[in-house]
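# Survey of secondary and tertiary structure
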Amino acid sequence: MASKLLRAVVLGPPGSGKGTVCERIARSFGLQHLSSGQFLRESLGGGGEVGVLAKQYLERGLLVPDHVITRVMLLELEKRREQHWLLDGFPRTLGQAEALDRICEPDLVISLNIPFETLKDRLSARWVHPASGRVYNMDFNPPHVQGIDDLTGEPLVQRQDDKPEAVAARLRKYKDAAKPVIELYKSRGILHSFSGTETNKIWPYVYTLLSSKIPPILPDEEN
């Protein structure tokens, strides 16, 4: 008999290292890493109705509203009913979590708790390549040439909401939206919180948790 499919979610504020943790989980355990940011970028290139809607918000540096990101993600999840998966960047709000439940309730939710000062420093040093979503940190993951994407040679930009004056408001907004999502999953007994300032120190605990749910395909030391 086939083993039960594992559906997991990683929650965390901007700058918490969600993407890095998700990449490591995907590599170590064979889960499909489903990033809301990646699917949004793909929808922009597709020219469909959802892509046109999303583009209007992203071009102004705004968060894409609930109903748009929900449509993008639910379409992708419908295609993956028979796969293990890991959600990154979704659900961000209670409305999105309720929409997700209508397709599939998650089995496991990981919440990353990173101190405010650490997040502020990380975000203020963050620059991105808009077309691919590649993220650089000028302190610990800088590009080979300052201001230039390593793979394409195209210029990097700093998002409006990564600028120091915008970071505090952005983090408050995330916290307010995420609180009921965290409470929902906590009440179901599927929330696992990890605190710290360094992804490399949090990772072994995340690896141990996942190992208790699904057999790893890579040993921890390969991360």
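One can find the structure itself at the top, above this paragraph.
Summarised in this report is the structure supplied together with it. Throughout this description, residue numbers start from 1 for each chain and increase along the sequence as written. Local features are withheld for residues below a pLDDT of 70 in this predicted model, meaning they are given only at 70 or higher, and side-chain atom pairs are given and counted only at 80 or more; totals for whole chains, interfaces and linings count all residues. Water and hydrogen atoms play no part in the side-chain values, which are based on all heavy atoms of the structure.

### Overview of the side chain of Ser-36
Its place among the elements puts Ser-36 in helix 2 (residues 36–46). Throughout this description, a polar contact denotes any pair of N or O atoms lying within 3.5 Å of each other; where both atoms belong to protein, one of them has to be capable of donating a hydrogen while the other can accept it, and for residues adjacent in sequence the pair is counted only when both atoms sit in side chains. Only 3.2 Å separates the side chain of Ser-36 from the backbone oxygen of Gly-89, close enough to count as a polar contact. Working rule for contacts: check all heavy atoms of both residues, and any pair within 4.5 Å makes them a contact. Those residues in contact with Ser-36, other than ones at most four positions away along the chain, are Ile-69, Met-73, Asp-88, Gly-89, Phe-90 and Arg-92. Secondary structure is summarised from DSSP: a helix means a run of H or I of at least four residues, a strand means a run of E of at least two, and numbering begins at the N terminus for each.

### Description of the packing of aromatic side chains
The relation between two aromatic rings is expressed through the spacing of the ring centres and the mutual angle of the planes. Pairing of aromatic side chains requires ring centres within 6.5 Å, counting the rings of Phe and Tyr and the six-membered ring of Trp. Pairs whose planes differ by under 30 degrees are stacked, by over 60 edge-to-face, and all others tilted. Counted under the stated rule, the structure contains two aromatic pairs. Measuring from ring centre to ring centre gives 5.2 Å for Phe-29 and Tyr-207, while their planes differ by 45 degrees; the resulting arrangement is tilted. With a gap of 178 residues between them, Phe-29 in helix 1 (residues 18–29) and Tyr-207 in helix 8 (residues 199–211) connect regions that are remote in the sequence. Side by side, Phe-29 and Tyr-207 carry an identical accessibility label, which is buried. Judged by centre distance (5.9 Å) and plane angle (65 degrees), the ring pair of Trp-203 and Tyr-207 falls under edge-to-face. Of this pair, Trp-203 and Tyr-207 both sit in helix 8, separated by four residues, roughly a single helical turn. Here Trp-203 and Tyr-207 have matching classes, each one buried. A connected cluster of aromatic rings, assembled from ring pairs, spans Phe-29, Trp-203 and Tyr-207. Partly exposed describes any residue whose relative accessible area lies between the buried limit of under 20% and the exposed limit of over 50%, with all areas from a 1.4 Å probe on protein chains only and scaled to the type maximum.

### Digging into the environment of Leu-75
When you line up the elements, Leu-75 lands in helix 4 (residues 66–78). Separated by 120 residues in sequence, Leu-75 and Ser-195 place their C-alpha atoms 32 Å apart.

### Description of the packing of helix 4 against helix 5 (residues 94–103)
Here, axes are lines fitted to C-alpha atoms. For helices the fit covers the stretch in contact, and angles between N-to-C directions go from 0 to 180 degrees. In contact at an axis separation of 10 Å, helix 4 and helix 5 are set at 25 degrees when each is read in the N-to-C sense. In terms of orientation, helix 4 lies roughly parallel with respect to helix 5. As for the relative orientation of helix 4 and helix 5, their crossing is right-handed in sense. Every residue of helix 5 that contacts helix 4 at Asp-66, Ile-69, Thr-70, Leu-74, Leu-77 and Glu-78 is listed here: Gly-95, Gln-96, Ala-99, Leu-100 and Ile-103. For classification, angles of less than 35 degrees are called roughly parallel, those exceeding 145 degrees roughly antiparallel, those between 65 and 115 degrees roughly perpendicular, and all remaining angles oblique. By the definition used in this description, the sense in which the near helix is turned from the far one sets the handedness, with an anticlockwise turn below a right angle giving left-handed and a clockwise turn giving right-handed.

### Some details on helix 7 (residues 164–187)
One fewer than the residue count of a helix, multiplied by 1.5 Å, yields its expected span. In this model, helix 7 (24 residues) spans 35 Å end to end at C-alpha, consistent with the 34 Å of a helix rising 1.5 Å per residue. The sharpest bend along helix 7 comes to roughly 35 degrees, located at Ala-178, with the proline Pro-180 sitting one to four residues further on. Three or more residues of helix 7 are buried, namely Val-167, Arg-170, Leu-171, Tyr-174, Ala-178, Val-181, Leu-184 and Tyr-185. For helix 7, the elements touching its buried residues are strand 1 (7–11), helix 5, strand 4 (108–113), helix 6 (116–124), strand 5 (126–128) and strand 7 (191–195). Just past helix 7, the residue Gly-189 takes up positive phi, approximately 75 degrees. The quantity called bend is, for any residue, the angle between two axes fitted respectively to the seven residues ending at it and the seven beginning at it.

### Comments concerning the nonpolar core
Here, the term nonpolar core denotes a set of buried Ala, Val, Leu, Ile, Met, Phe, Trp, Tyr and Cys residues that are joined through side-chain atoms within 4.5 Å. Residues Leu-11, Leu-77, Trp-85, Leu-87, Leu-100, Val-109 and Tyr-185 are the most contacted members of the largest nonpolar core, which totals 30 residues. Secondary-structure elements contributing two or more residues to this core are strand 1, helix 2, helix 3 (49–58), helix 4, strand 3 (85–88), helix 5 and helix 7. The element best represented in this core is helix 4, accounting for six residues. With sequence-adjacent residues up to four places away left out, Leu-87 is seen in contact with Ala-8, Val-9, Val-10, Leu-34, Met-73, Leu-77 and Leu-100. In this structure, Ile-25, Ile-114, Leu-119 and Leu-210 belong to the second largest nonpolar core, which totals 25 residues.

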